[in-house]
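Secondary and tertiary structure notes
Spelled out from the first residue to the last, the chains are:
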Amino acid sequence: MPAFVSRRLSALALSIFFFYANACEVCVIVDPAYRKQGIAKQLIKTMLPLPLSKQIDTLLFSAPTLASAKWLTQFGFVYNNSEYHMERNSFEPIFVTKHALTFRKATEADIPTLYSIDNLCFSTDEDNMSGRFDNIIDDSNYTVFLAFHNGKAVGKAHLRWQTDDVILSDIAIIPSFQKQGLGSELLAYCINHALSAGKTKLALDVETSNQNALKLYTRNGFKTSNATDFWAIKTDKLRTVFEPR
């Protein structure tokens, strides 16, 4: 369920991103001059009612690589994964010499197909993926494309439109059609579509362990800007930490 909530106090910020049915990502930023004053804890305590009201099971906290490991582990957070943030800032389109795919924007009728592609391409235990897609498709800030090969849906990609850039995510080709250059064609379509809408700055996140994806994105002009660690904690457990009974 995509959403964004931000609370800004001078050099402080807390953001919550509802990308999943059962989990959400949380980012807390505190200016170094204001740290070690309990401000981060207060921001987290303030935001807790929101994920609890949405029955979010797990919170994923993002932090610069290795920067907050000690602080997070002492409160019961568990390391989940690491990602590179990559950006492409160019007017240059991607030229496709071989056109094996056709594309169209996904609709509500395509939710079962999107759900099936996700099940094949991503490790997920979410129970309400259809609800997640329903919310994304209804969101005017998102575009979801389906990719077809000879009439069969074989891939998809999400574009999140922001003021200054476009965020690409969930770029996927089902396993039986991989290693045929279709992922490159899907990525090229997304890049060119964004450029045609006047967006020259594109961004995406990719797991640091996904070497094939890293090579694909680098080959198409994306450059790594930073690395982020993700730490997971159950929402109820975090509530006992910050709201002891």
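Okay, so let's go over this structure.

Basis of the calculations
- Residues numbered from 1 in each chain as written.
- Predicted model: local features only at pLDDT ≥ 70, side-chain atom pairs only at ≥ 80, totals over all residues.
- Heavy atoms only, no water.
- Salt bridge = Lys/Arg side-chain N within 4 Å of Asp/Glu carboxyl O.
- Helix = DSSP H or I, 4+ residues; strand = E, 2+ residues; numbered from the N terminus.
- Buried < 20%, exposed > 50% of the residue type's maximum accessible area, 1.4 Å probe, protein only.
- Arc of directions from axis to C-beta.
- Pairing = 2+ DSSP bridges.
- Lys, Arg positive; Asp, Glu negative; His and termini not counted.
- Contact = heavy atoms within 4.5 Å.
- Axes fitted to C-alpha atoms, helices over the stretch in contact; angles between N-to-C directions.
- Parallel < 35°, antiparallel > 145°, perpendicular 65-115°, else oblique.
- Left-handed = near helix turned anticlockwise from the far one by under 90°.

Brief notes about the pattern of salt bridges
Within this structure, the stated rule accounts for 5 salt bridges. Across the salt bridge formed by D57 and K234, the nearest N and O atoms sit 2.7 Å from each other. Taken together, the residues D57 in the loop between α2 (49-53) and β4 (58-64) and K234 in strand β11 (residues 223-234) connect sequence positions 177 residues apart. What makes K234 partly exposed here is its relative accessible area of 46%. Here D110 and R104 are joined by a salt bridge, their closest N and O atoms 2.7 Å apart. Each of D118, K156 and D170 takes part in a single network of salt bridges with overlapping partners.

What about unusual backbone geometry?
Positive phi is not limited to glycine here, since N150 has a value of about 50 degrees. The topology assignment puts N150 in the loop between β7 (142-149) and β8 (152-161). Residue class for N150 comes out exposed when judged on its relative accessible area of 74%. A positive phi angle, near 65 degrees, is found at K179, a position not held by glycine. Within the element layout of this structure, K179 appears in the loop between β9 (166-173) and α6 (182-196). Judged by its relative accessible area of 86%, K179 falls in the exposed class.

Some words on helix α1 (residues 39-47)
If you check which residues of α1 are buried, you get I39, L43, I44 and M47. Down the axis of α1, the smallest arc covering the buried residues is 135 degrees, so these residues share one side.

Points about the pairing of β11
Relative to β11, β4 runs antiparallel, the two sharing 7 bridges. Bridge pairing links S62 to F230 in β11.

Some thoughts on the side chain of E83
Within the fold, E83 resides in strand β5 (residues 78-89). For the buried E83, which has no salt bridge, the nearest side chain bearing the opposite charge is R160, at an N-O separation of 10 Å. Filtering out sequence-adjacent residues up to four positions away, E83 remains in contact with D205, V206, E207, T208, N226, A227, T228 and F230.

Describing the packing of α6 against helix α7 (residues 211-219)
In the contact formed by α6 and α7, the axes pass within 11 Å of each other and the chain directions differ by 45 degrees. As judged from the angle between their axes, α6 and α7 are oblique. Our pair here, α6 against α7, has a crossing hand that is right-handed. Contact residues: G183, S184 and L187 in α6; L216, Y217 and R219 in α7.

Re the environment of F145
Residue placement: F145 occurs in strand β7. Classification of F145 by relative accessible area gives buried; the value is 4%. Those residues in contact with F145, other than ones at most four positions away along the chain, are R104, K105, G155, K156, A157, L159, Y189 and H193.

Take it as geometry only, folks, not as evidence of what the structure does.
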